[in-house]
Amino acid sequence: QVQLVESGGGLVQAGGSLRLSCAISGRLFSINYMGWYRQVPGKQRDLVAVITDGGITNYAGSVKGRFTVSRDNAKNTVYLKMNSLMPEDTAVYYCKSSVRTTMGPAFVDYWGQGTQVTVSS
């Protein structure tokens, strides 16, 4: 019904940059917020950055000033530009979005499958 497909993860050295993308497809009627979370083994999934349909952004304190979230509404895609990467940024990054489909009035949260980001020291 709704698919979120992430891309752009990989291995990078500390201080380097990566850009993640998440394309949303399906029977879309409206997309509310779009965002990124990350998770390391044995820990909970934490918010990294989120952007509303009005362009308001919110960041985790640990990434503020280094990461930038943006969205292209025409392409139903959200991006995460990550600069000055550190080893502690290593995690699986998940895309999440609140979507209303053509099937009904409610907004429902959907997750992507995750993409691995590894930062070497």
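Please read all numbers here as calculations on a predicted model, not as lab measurements.

Engineer: Looking at this model, I keep getting lost on the side chain of E6. Mind explaining?
Structural biologist: Of note, E6 is situated in strand β1 (residues 2–7). There is no salt bridge for the buried E6, and the closest opposite charge comes from R45, which lies 7.4 Å off by N-O distance. Reaching out from E6, the side chain makes a polar contact with the backbone nitrogen of C95 at a distance of 2.6 Å. In this structure the side chain of E6 is engaged in a polar contact, spanning 3.0 Å, whose partner is the backbone nitrogen of Q113. Contacts of E6, omitting those with residues within four sequence positions, involve S21, C22, W36, Y93, Y94, C95, G112, Q113, G114 and T115.

Engineer: In this structure, what is going on with the nonpolar core? I would like to understand it.
Structural biologist: In a soluble, globular protein the nonpolar side chains are often hidden away together inside. If you look at the biggest cluster of nonpolar residues, it comprises 29 residues, and the most contacted ones within it are W36, L80, M82 and Y93. Those elements that place two or more of their residues in this core are β1, β3 (18–26), β4 (28–39), β5 (46–51), β7 (67–72), β8 (77–82), β9 (91–101) and β11 (115–120). If we skip the residues at most four places from it in the chain, M82 touches G16, S17, L18, L20, R66, F67, Y93 and V117.

Engineer: What is the right way to look at the pattern of salt bridges in this model?
Structural biologist: One pass over the structure, following the stated rule, counts three salt bridges. For the salt bridge of D89 with R38, the shortest nitrogen-to-oxygen distance reads 3.0 Å. In this pair, D89 is assigned in the loop between β8 and β9 and R38 in strand β4, connecting sequence segments 51 residues apart. Each member of the pair, D89 as well as R38, carries the same accessibility label: buried.

Calculation rules
Residues numbered from 1 in each chain as written. Predicted model: local features only at pLDDT ≥ 70, side-chain atom pairs only at ≥ 80, totals over all residues. Heavy atoms only, no water. Helix = DSSP H or I, 4+ residues; strand = E, 2+ residues; numbered from the N terminus. Buried < 20%, exposed > 50% of the residue type's maximum accessible area, 1.4 Å probe, protein only. Lys, Arg positive; Asp, Glu negative; His and termini not counted. Salt bridge = Lys/Arg side-chain N within 4 Å of Asp/Glu carboxyl O. Polar contact = N/O pair within 3.5 Å; in protein donor to acceptor, adjacent residues only side chain to side chain. Contact = heavy atoms within 4.5 Å. Core = buried A, V, L, I, M, F, W, Y, C linked by side-chain atoms within 4.5 Å.

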